[in-house]
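# Descriptive analysis of the structure
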Amino acid sequence: LLMLLGSITAFISHKFVNIDMGDDYSNVMTARFDLQEDKYPEEQQKIAFFQNIMERINAHPKVEGVTLNNWLGELPLTLDGEDNGSEENQNLADVLSVIGDTDTIGVNLVSGRFFTHQDKAGSRKVAIISQSMANRFWPGENVLGKSISVDMSDANGTQNERLFIVGVVTDRLNPRTLIANLDSADEIYVSGLQFVDSFQILYYRIIGDLAGTEEIFYQALYQVDRSIELFYAVQPAEENRGMMRKIMKLTSNLTFGTGFFALMLALVGIYGLTANSVVQRTHEIGIRRAVGASDKNIIQMFLKQGGMQLAKGLGLALVLFSILAFGFIKMSEGIFPTSLYLALALTVTVGLSCIVMVAIYVPTRRSVIMEPSSALRYE
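Now for a description of the structure that goes with this document.

Criteria and thresholds
- Residues numbered from 1 in each chain as written.
- Predicted model: local features only at pLDDT ≥ 70, side-chain atom pairs only at ≥ 80, totals over all residues.
- Heavy atoms only, no water.
- Core = buried A, V, L, I, M, F, W, Y, C linked by side-chain atoms within 4.5 Å.
- Buried < 20%, exposed > 50% of the residue type's maximum accessible area, 1.4 Å probe, protein only.
- Helix = DSSP H or I, 4+ residues; strand = E, 2+ residues; numbered from the N terminus.
- Expected span 1.5 Å × (residues − 1).
- Contact = heavy atoms within 4.5 Å.
- Phe/Tyr/Trp six-rings, centres within 6.5 Å; stacked < 30°, edge-to-face > 60°.
- Salt bridge = Lys/Arg side-chain N within 4 Å of Asp/Glu carboxyl O.
- Axes fitted to C-alpha atoms, helices over the stretch in contact; angles between N-to-C directions.
- Parallel < 35°, antiparallel > 145°, perpendicular 65-115°, else oblique.
- Left-handed = near helix turned anticlockwise from the far one by under 90°.
- Nonpolar A, V, L, I, M, F, W, Y, C, P; charged D, E, K, R; others polar.
- Polar contact = N/O pair within 3.5 Å; in protein donor to acceptor, adjacent residues only side chain to side chain.
- Patch = residues over 30% accessible without salt bridge, like charges linked within 9 Å, V, L, I, M, F, W, Y side chains within 5 Å.
- Areas by Shrake-Rupley, 256 points an atom, 1.4 Å probe, with all protein chains shown as cover.

## Section: the nonpolar core
Within soluble globular proteins, side chains that are nonpolar tend to cluster in buried spots. F33, F49, I53, I57, L202, Y204 and F217 are the most contacted members of the largest nonpolar core, which totals 27 residues. Secondary structure elements with two or more residues in this core: β1 (28-34), α2 (43-58), β2 (63-79), β9 (199-206) and α5 (214-225). It is α2 that provides the largest number of residues to this core, a total of six residues. If you look at the next biggest cluster of nonpolar residues, it comprises 25 residues, including I8, I298, F328 and Y341.

## Here's the deal with α2
Spacing of three or four residues puts side chains on the same side of an α-helix, whose turn is 3.6 residues. Between its terminal C-alpha atoms α2 stretches 22 Å, which fits the 22 Å expected from 16 residues at 1.5 Å a residue. Buried-residue contacts for α2 involve β1, β2, β3 (91-100), β9 and α5.

## Observations regarding unusual backbone geometry
At N27, a position not held by glycine, the phi torsion is positive, near 60 degrees. In this structure, N27 sits in the loop between α1 (2-17) and β1. Accessibility expressed as a relative area gives 30% for N27, which makes it partly exposed.

## Quick look at the environment of G208
Tracing the backbone shows G208 in the loop between β9 and α5. Overall, G208 belongs to the partly exposed group, its relative accessible area being 44%. Each C-alpha atom of the pair G208 and K62 lies 7.4 Å from the other, and the pair is 146 residues apart in sequence.

## Points about the packing of aromatic side chains
Inspection of the entire model under this criterion finds 10 aromatic pairs. For the pair F33 and F49, a centre-to-centre distance of 5.8 Å together with 75 degrees between the ring planes defines the contact as edge-to-face. Here F33 is found in strand β1, whereas its partner F49 is found in helix α2, with 16 residues between them in sequence. Aromatic side chains F33 and F217 sit 6.4 Å apart centroid to centroid with 25 degrees between the ring planes, which places their arrangement in the stacked category.

## Remarks on the pattern of salt bridges
Applying the stated criterion across every chain, the model contains eight salt bridges. Where K46 meets E37, a salt bridge forms, and the shortest distance between an N and an O atom there is 3.4 Å. Its salt-bridge partner being R136, residue D186 comes within 2.9 Å of it at the nearest N-O pair. Of the two residues, D186 is situated in the loop between β7 (160-169) and β8 (187-191) and R136 in helix α3 (residues 131-137); the sequence distance between them amounts to 50 residues.

## Overview of the packing of helix α7 (residues 282-290) against helix α9 (residues 338-368)
In helix packing, the relevant descriptors are the interaxial angle and the interaxial distance, both defined with respect to the helix axes. Where α7 meets α9, the closest approach of the two axes is 10 Å, and the angle between their N-to-C directions is 50 degrees. The pairing of α7 with α9 is recorded here as oblique in orientation. Note on packing geometry: the crossing formed by α7 with α9 is right-handed. For the pair formed by α7 and α9, the contact residues are T282, I285 and R289 on the first element and T364, S367 and V368 on the second. Across the contact of α7 with α9, the residue classes break down as two nonpolar, three polar and one charged.

## Some words on the side chain of D119
With respect to the secondary-structure elements, D119 resides in the loop between β4 (109-112) and β5 (126-130). Among the polar contacts made by the side chain of D119, one reaches the main-chain amide nitrogen of T116 at a distance of 2.9 Å. For D119, the residues in contact, after removing those within four places along its chain, are R113, F114, V126, S191, L193 and Q194.

## Quick look at a nonpolar patch on the surface
Taken together, the side chains of L1, L316, V319, L320, I323 and L324 present a nonpolar region at the surface, about 530 Å² in accessible area. Assignment of secondary structure puts I323 in helix α8 (residues 295-332). Residue I323 is classed as exposed on the basis of its relative accessible area, which comes to 56%.

## Overview of the environment of I8
For I8, the position within the fold is in helix α1. In this structure, the C-alpha to C-alpha distance between I8 and A325, residues 317 residues apart in sequence, is 8.8 Å. When neighbours within four sequence positions are excluded, I8 is seen to be in contact with F321, F328, Y341 and L344.

So, in structure tokens, the structure goes:
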């Protein structure tokens, strides 16, 4: 059971290291800030600040794209003309506010359009949805112009907002798809000019080398409002993700390394214990041969007895592993195919069976070729 669980853990670590995040933060710098409510009490003041700093950053010759976004939460949604349903069966989606184009961070447009400066307060409220959401709710249909209702009470106090879909973008990884397929959860992007929040994460994509490009943001910030405090220094957006990948890679290597070492120790230990249990019965083998038992019958008897013990141990382990594997499949939403669990179970079962059978056969064979008198005196 430990071997099986260790194998699954190693595969999960390997999957994290090579997971497709659905976005691209290479050559992207990031900064996080929160506007002071006492200094920017009105939404229009916040919007003016956002647009001002984005324009200044975008004007730099080394910058090819700027975007602001903020995660508003995992919110319930209702398709146009449908009931909300029970709380347990509600559809959920990760909702983000965006100012600018998401292709700055590698979330590319599939159809429709990005938000523009016209998608502001007083205009019809619009949304961009992920490809997974379009495929899930409107398979094979043109979703542009369709509407959805999102419960934004956790985000801006308004109970339900009706949003009209103006674009579809590629899927990206979000908290609910951390160990699942990229299209297993949905994203809704709303215009940051219509749903205004003080906290924002700013990204700007750089042409060429990143060295010294943090000054682009600082210079723009000081020209707009140098009193704004950042949550941390401007840095490459891949830095945090790269650190996570390094940790996961180290974990994966340690898991595979220690798992392989533990497997070797376990196999050697199982072989030694099984072989020793046979050696301790050398007197019994001598007595059986003395009363006329054939070598073949003795070997078959020992293999049968060992096989029964092996079947009990493996059977219990496989039952427990099946329960745990079912939990893994549900939790990860099928990120690992069922065939992987079957292959692991088969590999461990065959490997252990071979080790145990060899550990029984070799010392038993050695004992039956001894003279009965020698076997009876064996210590």
